[in-house]
Amino acid sequence: MSAERFVYALSDWMVEKRVSGWYFARSVMRHNRSNWRGPYRSEASVAMMIARQLRREITERYRHQVNGRAP
């Protein structure tokens, strides 16, 4: 295993419970209704969707870093 370390500050997320279900958006985009995703049936479902988004972000940043390109 390489001695290199890869540390990433990940995006912040907002979660909101509405009558129709759970919604989420990136914190910086929360003021625009079109950036909210949902509805999701439970907080577990919305947490899983955020986890998937974070995984994509980590994978993309790692790939760019390993290939020597800035994100």
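Remember, it's a predicted structure, so these values are computed and weren't measured experimentally.

**So, the side chain of Glu57**
Here comes step 1: Along the chain, Glu57 turns up in helix H1 (residues 43–66).
Here comes step 2: Once you skip the residues sitting within four places of it in the chain, Glu57 turns out to touch Ala9, Leu10, Ser11 and Arg26.

**Examining H1**
Here comes step 1: Between its terminal C-alpha atoms H1 stretches 34 Å, which fits the 34 Å expected from 24 residues at 1.5 Å a residue.
Here comes step 2: Inspection of H1 places Val46, Ile50, Gln53, Glu57 and His64 among the buried residues, and these make up the whole buried set.
Here comes step 3: Residue Gly68 follows H1 closely and has a positive phi angle near 80 degrees.

**A look at the pairing of strand E2 (residues 21–26)**
Here comes step 1: E2 sits mainly inside the fold: five of its six residues count as buried.
Here comes step 2: Hairpin connection between strand E1 (residues 13–18) and E2: a loop of two residues separates the two successive antiparallel strands.
Here comes step 3: Here two bridges tie E2 to strand E3 (residues 37–40), and the two strands are oriented antiparallel to one another. Looking across to E3, one finds that Phe24 is bridged to Arg37.

**Looking at the sheet that holds E3**
Here comes step 1: Pairing within the open sheet is antiparallel, and its three strands lie in the order E1-E2-E3. Only two strands of the sheet have a single neighbouring strand rather than two, namely E1 and E3. Shown here is a sheet whose adjacent strand axes are inclined to one another by a mean of 20 degrees, direction ignored.
Here comes step 2: Running at roughly 20 degrees to E2, H1 makes contact with E1, E2 and E3 of the sheet.

Definitions and cut-offs
- Residues numbered from 1 in each chain as written.
- Predicted model: local features only at pLDDT ≥ 70, side-chain atom pairs only at ≥ 80, totals over all residues.
- Heavy atoms only, no water.
- Helix = DSSP H or I, 4+ residues; strand = E, 2+ residues; numbered from the N terminus.
- Contact = heavy atoms within 4.5 Å.
- Expected span 1.5 Å × (residues − 1).
- Buried < 20%, exposed > 50% of the residue type's maximum accessible area, 1.4 Å probe, protein only.
- Pairing = 2+ DSSP bridges.
- Axes fitted to C-alpha atoms, helices over the stretch in contact; angles between N-to-C directions.

Without other data, these values stay purely geometric and don't point to any function.
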